[in-house]
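This is what each chain is made of:
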There are 2 protein chains.
Amino acid sequence: MENKKGISIYKQVAKEIECKVKNGIYVTAQKLPSEAELAQEFNVSRLTVRKAINLLIEKKVLVKHQNTGTYVMNRQKLASGASGLQGFNEVAKAKGKTPRTEVIGVSQIDYDDELWAELEAKENEVIINVNRIRYLDDLPMTVEDLYIREKFLPENLKEAAFENSIFELIEQKIEIAYSHQEIEAVLIDKMMSIAFELPVGQPMFRATSNVFSVTGVPIMHDISYYRSDEYVFSNTLVRSQH
Amino acid sequence: MENKKGISIYKQVAKEIECKVKNGIYVTAQKLPSEAELAQEFNVSRLTVRKAINLLIEKKVLVKHQNTGTYVMNRQKLASGASGLQGFNEVAKAKGKTPRTEVIGVSQIDYDDELWAELEAKENEVIINVNRIRYLDDLPMTVEDLYIREKFLPENLKEAAFENSIFELIEQKIEIAYSHQEIEAVLIDKMMSIAFELPVGQPMFRATSNVFSVTGVPIMHDISYYRSDEYVFSNTLVRSQH
DNA sequence: GTTTATTTGTTCGTATGTATT
DNA sequence: AAATACATACGAACAAATAAA
């Protein structure tokens, strides 16, 4: 195997193995060839095979058993792959529907102890509040309540700019590295009831998250509501080798 | 650095780095020493340092930025560390309360198309249904409805055996490798209302999961209900380097 | 704006240890 | 007891991307 087009070899190997899994050449219950055999087959070092396998373990395609072998993970119907609440665009794609984002309002908000502390902002710093509703074929899916430090937004933004990806807007100024998210089950109140066109008292998800840069600088605080009849939270838990 | 007591070097290095993070020697916003420097400091190879760092990235202690450096993750109040719905015993420990498990019933159930298919069981196979309620200081926290393939349970079990860890019971026969979980937000119905001593119409989490062995053999199907006023679903999302 | 230095990323080869079958 | 297969560890080198001079 050669290093074509600057794509690393271990990623190419990973892709080929994943392909064989998808085509049923490697199947659940059957052990994969050993690392040494795979190294020979692809004509790369064993370390490279290990890196490829690790990549696929992270992607939940394979599982390893210490000193025994590598196996294909039984995915069953749980397809999504990505852990956590599916992203809006992912859901749209999965359901084959057209996404649309409506900006309800953009405004500068008044000082608030808790929020300013959470964003590690100075008292005189400007925080922008953005409210959006995201639709799928005119079905309201998500209501977002975002609080962004203005210093991390491009200058002279029009309200319409927020109809697109907020992350892309922010990344013109600072790179986003990670976010911490907490999800609760709550009841729809009057306001959400109107937005979602659903009766009060229905259950829904409320996801609160904080977004950070690599250096750990808080960028944005996000409170989002998801209709529970359309969203499911899914993940794969791997048992740590004791 | 030496390989003491059979504990791998990279884990020792990881522990030392994590220690320095906890003690505030390495802090958020400040770059960690480079891999080469750390290798020198600990007197190990660079690859070993990389393995240690990768371990801490998995543990959400560190974050990396391509070709720039390694940084400490800003955890803020989001403490838990473990992704996903906190385990019952974790919550117990965190809240400093005493856990207790009440077995409501253990029985062999009648054949059901869907369930048997999900567990990949033959028609004549025996599936055991276990119902439990888990309390924290007499507060009902979780209601469990488990379906286990009898072949993966030890013989001659008494009902009281299910008061302890089901995983430990199963692992006397077969090793558990992973599980797929889906979480929904639902409303408490009459039955759950009685179990949880909460009014009907409150929101709660319903987690459905399937448990597998390394070879992808389905072991157990689990439907669990969590009171949303005590449980939060938390996780850290890391932005993939594009 | 270009070059240079730094830092992480990738890859090889090799060797030994450890757990399972 | 031996063979197998993964786990750990080192050294060495070059590539690629970023940041600093």
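For clarity, every value in this text was computed on a predicted model and none was experimentally measured.

(A) Inspection of the overall build of chain A at higher detail. Across its full length, chain A holds seven helices and 10 strands. Rg of the C-alpha trace for chain A: 22 Å, well past the compact-globule value of 18 Å for 242 residues, more than 25% over. Here the C-alpha coordinates of chain A stretch approximately 65 × 40 × 40 Å along the principal axes. The buried share of chain A, reckoned over its 242 residues, is 47%. Within chain A, counting contacts between residues at least 6 apart in sequence, those at least 24 apart form 54% of the total.

(B) Spotlight on the packing of helix α1 (residues 9–22) of chain B against helix α2 (residues 35–42) of chain B. All names here are of chain B. Orientation of α1 relative to α2, taken along the N-to-C sense of each, is 105°, at an axis distance of 12 Å. Comparing their axes, α2 and α1 come out roughly perpendicular. In this structure, α1 contributes Val13, Glu16, Ile17 and Lys20 to the contact, and α2 contributes Leu38, Glu41 and Phe42. Here the contact of α1 with α2 is composed, by residue class, of four nonpolar, no polar and three charged.

(C) Fine view of the protein's contact with DNA strand D. Residues in contact with DNA strand D amount to 23 residues; listed here are only the nearest, Glu35 of chain A together with Ile9, Thr48, Lys51 and Asn67 of chain B. When atoms of DNA strand D within 4 Å of the protein are sorted by moiety, sugar and phosphate together comprise 79%. The contact in question runs from a phosphate oxygen of DNA strand D to an N or O atom on the backbone of Glu35 of chain A, over 2.8 Å. The contact in question runs from a phosphate oxygen of DNA strand D to an N or O atom on the side chain of Lys51 of chain B, over 2.8 Å. When contributions to the surface near DNA strand D are tallied by element, the ones reaching two or more residues are α3 (46–58) and β2 (69–72) of chain A together with α1 and α3 (46–58) of chain B. No other element matches the four residues that α3 of chain B contributes to the surface near DNA strand D. Looking at the surface near DNA strand D, its residues break down into four nonpolar, 13 polar and six charged.

(D) Structural view of the environment of Tyr26 of chain A. Looking at the secondary structure, you find Tyr26 of chain A in the loop between α1 (9–22) and α2 (35–42). For the pair Tyr26 of chain A and Val72 of chain A, spaced 46 residues apart in sequence, the C-alpha to C-alpha distance is 7.0 Å.

(E) Quick look at the interface of chain A and chain B. Each side of the interface is counted separately: chain A has 51 residues, and chain B has 51 residues. With both sides pooled, the region where chain A packs onto chain B buries about 4,700 Å², and carbon together with sulfur makes up 54% of that total. The largest per-residue losses of area from chain A upon contact with chain B belong to His180, Val214 and Arg239 of chain A, which jointly make up 14% of the total buried on that side. Between the two partners, chain A and chain B, sit two salt bridges. The residue Arg239 of chain B makes a salt bridge to Glu171 of chain A at a minimum N-O spacing of 3.2 Å. Our enumeration of links across chain A and chain B arrives at 26 residue pairs in polar contact (both at pLDDT 80 or more). Contributing elements (two or more residues each) for the side of chain A that touches chain B: β1 (62–65), β2, β7 (176–187), β8 (203–213) and β10 (233–238) of chain A. The element that contributes the greatest number of residues to the side of chain A that touches chain B is β7 of chain A, accounting for 12 residues. Of the residues contributing to the side of chain A that touches chain B, the split by class is 24 nonpolar, 17 polar and 10 charged. As paired strands, β10 of chain A and strand β7 (residues 176–187) of chain B are joined by six bridges and run antiparallel to one another.

(F) Examining the relation of the copies chain A and chain B more closely. When chain A is fitted to chain B, the best match, at an RMSD of 0.0 Å, comes from turning it 180° and sliding it 0.0 Å along the axis. In the structure described here, the two chain copies are related by an operation that fits a two-fold rotation axis. Most of the interface of chain A is mirrored in chain B, where 100% of its interface residues are also at the interface.

(G) The protein's contact with DNA strand C, seen in detail. If you check the shell around DNA strand C, you find 20 residues, and the closest are Ile9, Tyr10, Thr48 and Asn67 of chain A together with Lys64 of chain B. Sugar and phosphate atoms constitute 76% of the interface atoms of DNA strand C, taking the interface as everything within 4 Å of the protein. Ser45 of chain A is positioned with one of its side-chain polar atoms (N or O) 3.0 Å from a phosphate oxygen of DNA strand C. Here Asn67 of chain B contributes a side-chain N or O atom positioned 3.1 Å from a base oxygen of DNA strand C. Elements that contribute at least two residues to the surface near DNA strand C include exactly α1 and α3 of chain A together with α3 of chain B. Residue composition of the surface near DNA strand C, by class: four nonpolar, 10 polar and six charged.

(H) Structural detail: the pairing of strand β6 (residues 139–149) of chain B. All names here are of chain B. Taking burial as the measure, the 11 residues of β6 include 10 buried ones, the bulk of the element. In the sheet, strand β5 (residues 127–136) pairs with β6 via 10 bridges, with the strands oriented antiparallel. Counterpart to Leu136 in the pairing with β6 is Leu139. Taken together, β5 and the strand that follows it, β6, pair antiparallel across an intervening segment of two residues, in which Asp137 is found at a positive phi of about 50°. Here seven bridges tie β6 to strand β9 (residues 218–227), and the two strands are oriented antiparallel to one another. Across the sheet, residue Thr142 finds its bridge partner in β9, namely Tyr226.

(I) Quick peek at the packing of aromatic side chains. Residue and element names in this part refer to chain B. Taken as a whole and judged by the stated rule, the model has eight aromatic pairs over all chains. Relative to Trp116, the ring of Tyr111 lies with its centre 5.2 Å away and its plane at 55°, an arrangement referred to as tilted. Judged by relative accessible area, which is 3%, Trp116 ranks as buried. Directly above the aromatic system of Tyr10 lies the positively charged group of Lys51, at a separation of 4.3 Å from the ring centroid. The positively charged end of Arg100 is found above the aromatic ring belonging to Tyr135, 4.3 Å away from the centroid.

(J) Structural view of the UniProt feature "domain: HTH gntR-type" (unreviewed entry) in chain A. If you check UniProt for "domain: HTH gntR-type" (unreviewed entry), the listed places come out as residues 7–75 of chain A in our numbering. The annotated region residues 7–75 of chain A carries 51% helix and 12% strand content, and the separation between its end C-alpha atoms amounts to 28 Å.

Cut-offs used in this document
- Each residue is numbered by its place in its chain's sequence as written, counting from 1.
- Chain letters and ligand numbers both follow the written order, the letters beginning at A and the numbers at 1.
- Confidence filtering applies because this is a predicted model: local features only for residues at pLDDT of at least 70, side-chain atom pairs given and counted only at 80 or more, and all residues used for totals across whole chains, interfaces and linings.
- The side-chain figures draw on all heavy atoms in the structure; neither hydrogens nor water molecules are used.
- The numbering of helices and of strands both runs from the N terminus, where a helix is a DSSP run of H or I of at least 4 residues and a strand a run of E of at least 2.
- With the radius of gyration taken over C-alpha atoms, the globule rule is written as 2.2 Å times the number of residues to the power 0.38.
- Three exposure classes are used, based on accessible area relative to the maximum for each residue type with a 1.4 Å probe and protein chains only: buried under 20%, partly exposed in between, and exposed over 50%.
- Contact criterion: two residues are considered in contact whenever any of their non-hydrogen atoms come within 4.5 Å of each other.
- All axes are obtained by fitting lines to C-alpha atoms, using only the stretch in contact for helices, and the reported angles, taken between N-to-C directions, cover 0 to 180 degrees.
- Should an angle lie under 35 degrees it is considered roughly parallel, over 145 roughly antiparallel, and from 65 to 115 roughly perpendicular; all remaining angles are considered oblique.
- Only Asp, Glu, Lys and Arg are considered charged in this grouping, and only Ala, Val, Leu, Ile, Met, Phe, Trp, Tyr, Cys and Pro are considered nonpolar; every other residue, Gly among them, is considered polar.
- Think of it this way: one heavy atom of a residue within 4 Å of a molecule or strand is enough to make that residue near it.
- Polar contact is defined as a pair of N or O atoms within 3.5 Å, subject to the rule that within protein one atom must be able to donate a hydrogen and the other to accept it, and that residues adjacent in sequence are counted only when both atoms are side-chain atoms.
- Here the quantity called buried area is the total loss of accessible area, with a 1.4 Å probe, experienced by two parts when brought into contact, counted for both.
- By definition here, a salt bridge exists when the distance from a side-chain nitrogen of Lys or Arg to a carboxyl oxygen of Asp or Glu is within 4 Å.
- For two strands to be treated as a pair, DSSP must find no fewer than two bridges joining them.
- Least-squares superposition of the copies uses the C-alpha atoms of those residues scoring a pLDDT of at least 70 in each of them.
- Only Phe, Tyr and Trp rings are paired, with Trp represented by its six-membered ring, and only when their centres lie within 6.5 Å; those with planes under 30 degrees apart are stacked, over 60 edge-to-face, the remainder tilted.
- In this analysis the charged atom, NZ for Lys or CZ for Arg, is taken to sit over a ring once it is within 6 Å of the ring centre and within 35 degrees of the ring normal.
- UniProt positions are given in the numbering used here, feature names are shortened, and annotations may be inferred rather than shown by experiment.

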